[in-house]
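Single-letter residue listing:
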Amino acid sequence: MKECEKHICFGGTLSVFEHKSRTLGCDMRFSVFLPPATEAGKVPAVTFLSGLTCTYENFTTKAGAYKMAAELGLAIIAPDTSPRGDDVPDDADSYDFGKGAGFYINATQMPWAKHYKMEDYIAKELYALVNEHFPIDVDKQSITGHSMGGHGALTLYFKYPEQYKSASAFSPIVAPTQVPWGHKAFSGYLGDDKVLWEKHDASLLVSKAENAAGNAEILIDQGLGDQFLEEQLKPEIFEAACAEAGQKLTLRRHEGYDHSYYFIQSFIDDHLRHHAKIMT
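Read on for an overview of the structure.

Procedures and definitions
- Residues numbered from 1 in each chain as written.
- Predicted model: local features only at pLDDT ≥ 70, side-chain atom pairs only at ≥ 80, totals over all residues.
- Heavy atoms only, no water.
- Helix = DSSP H or I, 4+ residues; strand = E, 2+ residues; numbered from the N terminus.
- Rg over C-alpha atoms; globule rule 2.2 N^0.38 Å.
- Buried < 20%, exposed > 50% of the residue type's maximum accessible area, 1.4 Å probe, protein only.
- Pairing = 2+ DSSP bridges.
- Axes fitted to C-alpha atoms, helices over the stretch in contact; angles between N-to-C directions.
- Contact = heavy atoms within 4.5 Å.
- Polar contact = N/O pair within 3.5 Å; in protein donor to acceptor, adjacent residues only side chain to side chain.
- Expected span 1.5 Å × (residues − 1).
- Phe/Tyr/Trp six-rings, centres within 6.5 Å; stacked < 30°, edge-to-face > 60°.

1. Observations regarding the overall build of the chain
1) Next: The number of helices and strands found in the chain is 10 helices and 9 strands.
2) Next: Taken over the C-alpha trace, the chain has a radius of gyration of 17 Å; the compact-globule value for 280 residues is 19 Å, and the two agree within 12%.
3) Next: With the C-alpha coordinates of the chain rotated into their principal frame, the extents come out at 50 × 45 × 35 Å.
4) Next: In the chain, buried positions account for 58% of the 280 residues.

Rendered as structure tokens:
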């Protein structure tokens, strides 16, 4: 693992690392913010999963999260959204499939199956890597994300409850089996078996969770000026599924806010406080 950048930030450090991913078969980069509290020992950590077209850089440079993270004593890990490199297949004509659009699932269809295993990368390889190399408390970790990354955060929270103590999301794709973004990604990466699709849909996973009522409360922020709200996001589906399953949910709808990082900047502090309260 190579450190490509290092910056002092709010008394802590913001670094970018590159490593050869065994899971994805390519070089990957991710950023890590370590708060000043690491001088005294291990700290809780939040993983942020970004959305379509993004890399680790979008959150790292645009979210404005590190002042509050430093105050709360939280580490933040921001990985990429897909495998990268010249040998990795891509759909050059699509922004919502291929590079930048890994959807945090393990592809089963060729040529995607060789490299596009983002679920295993995030929840297994990267999770183990950061716990081995950084002063992070393995028992105090949470996950959040935006749009496609919100989908990833919610689904991985339900799939790996022993790893992630809490979850939140900004403008998440909560029902990918019912919207065009999900149909395109799942049919391409997973094929036509819709039973397999259902294993990656947060609104279906919560209904099947063994202890949904015992889970930590989930926080979701959704802008009502979001251009993708009605066709792609449909938060009301997840809201209804949580109510039926007994999953505690705070879904906040904000008049006028769109799908951008200006929206994330506006409420990121609330999300970090949400996770810190549950983990500490």
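2. Points about the sheet that holds strand β7 (residues 168–170)
1) Next: Strand order in this open sheet of 3 strands is β7-β8-β9, and the pairing throughout is parallel. Edge positions in the open sheet fall to β7 and β9 (249–254), since each of these has one partner strand only. Between one strand axis and the next, the sheet turns by 10° as a mean value, whatever way the strands run.
2) Next: Two strands pair when backbone bridges link them, and β7 and strand β8 (residues 218–223) are joined in this way by 3 bridges, in the parallel orientation.

3. With respect to the environment of H200
1) Next: Following the sequence through the fold, H200 ends up in the loop between α6 (194–197) and α7 (202–208).
2) Next: Taking the C-alpha atoms as reference, H200 lies 7.2 Å from I105; in sequence the two are 95 residues apart.
3) Next: Once residues lying within four places of it in the same chain are set aside, the contact partners of H200 are I105, E119, H151, T155, K159, P176, F186 and L190.
4) Next: For H200, the side chain forms a polar contact with the side chain of K159, separated by 2.8 Å.

4. Regarding helix α4 (residues 148–159)
1) Next: Between the first and last C-alpha of α4 there are 16 Å, a value that for 12 residues agrees with the 16 Å anticipated at 1.5 Å per step.
2) Next: With respect to burial, α4 is a largely interior element, 11 of its 12 residues being buried.
3) Next: All buried positions along α4 are accounted for by M148, G149, G150, H151, G152, A153, L154, T155, L156, Y157 and F158.

5. Observations regarding the pairing of strand β1 (residues 2–9)
1) Next: Where β1 and strand β2 (residues 12–21) come together, 7 bridges link them in antiparallel fashion. Bridging across to β2, K6 finds its partner in S15.

6. Focus on unusual backbone geometry
1) Next: For the peptide bond that leads from M110 to P111, omega is 5°, which places it in the cis range.
2) Next: Among the structural elements, P111 can be located in the loop between β5 (75–79) and α3 (118–133).
3) Next: For F103, which is not a glycine, the phi torsion comes out positive at approximately 60°.
4) Next: Relative to the elements of secondary structure, F103 occurs in the loop between β5 and α3.
5) Next: Here F103 falls in the buried class, since its relative accessible area comes to 0%.
6) Next: Of note in the backbone geometry, K234 takes a positive phi value of approximately 50° without being a glycine.
7) Next: Its place among the elements puts K234 in the loop between α8 (229–233) and α9 (235–245).

7. Describing the packing of aromatic side chains
1) Next: Under the counting rule described, the total for this entry stands at 20 aromatic pairs.
2) Next: Judged by centre distance (4.3 Å) and plane angle (20°), the rings of F97 and Y189 are stacked. Note that F97 is positioned in the loop between β5 and α3 and Y189 in helix α5 (residues 180–190), a separation of 92 residues in sequence.
3) Next: By relative accessible area, which is 0% here, Y189 ends up buried.
4) Next: Taking the centre distance of 4.7 Å and the plane angle of 45° together, the rings of W181 and F228 count as tilted. Separated by 47 residues along the polypeptide, W181 in helix α5 and F228 in the loop between β8 and α8 bring together distant segments of the chain.
5) Next: Through a chain of ring-to-ring contacts, three or more aromatic side chains come together here, namely F33, F48, F59 and Y66.

8. Quick look at the environment of L205
1) Next: By secondary structure assignment, the location of L205 is in helix α7.
2) Next: Residues contacting L205, with those up to four places away along its chain left out, are T155, F158, K159, E198 and K199.

9. Notes on the sheet that holds strand β4 (residues 43–49)
In a beta sheet, neighbouring strands are held together by backbone hydrogen bonds and run either parallel or antiparallel to one another.
1) Next: Pairing within the open sheet is mixed, and its 6 strands lie in the order β1-β2-β3-β5-β4-β6. Two strands in the sheet have a free side with no partner beyond their single neighbour: β1 and β6 (136–145). Ignoring strand direction, the axes of neighbouring strands in this sheet form an average angle of 20°.
2) Next: Taken strand by strand, α4 contacts β4 and β6, and its axis lies near 135° from that of β6.
3) Next: Those strands touched by helix α10 (residues 261–279) are β4, β5 and β6, and its axis lies near 145° from that of β6.

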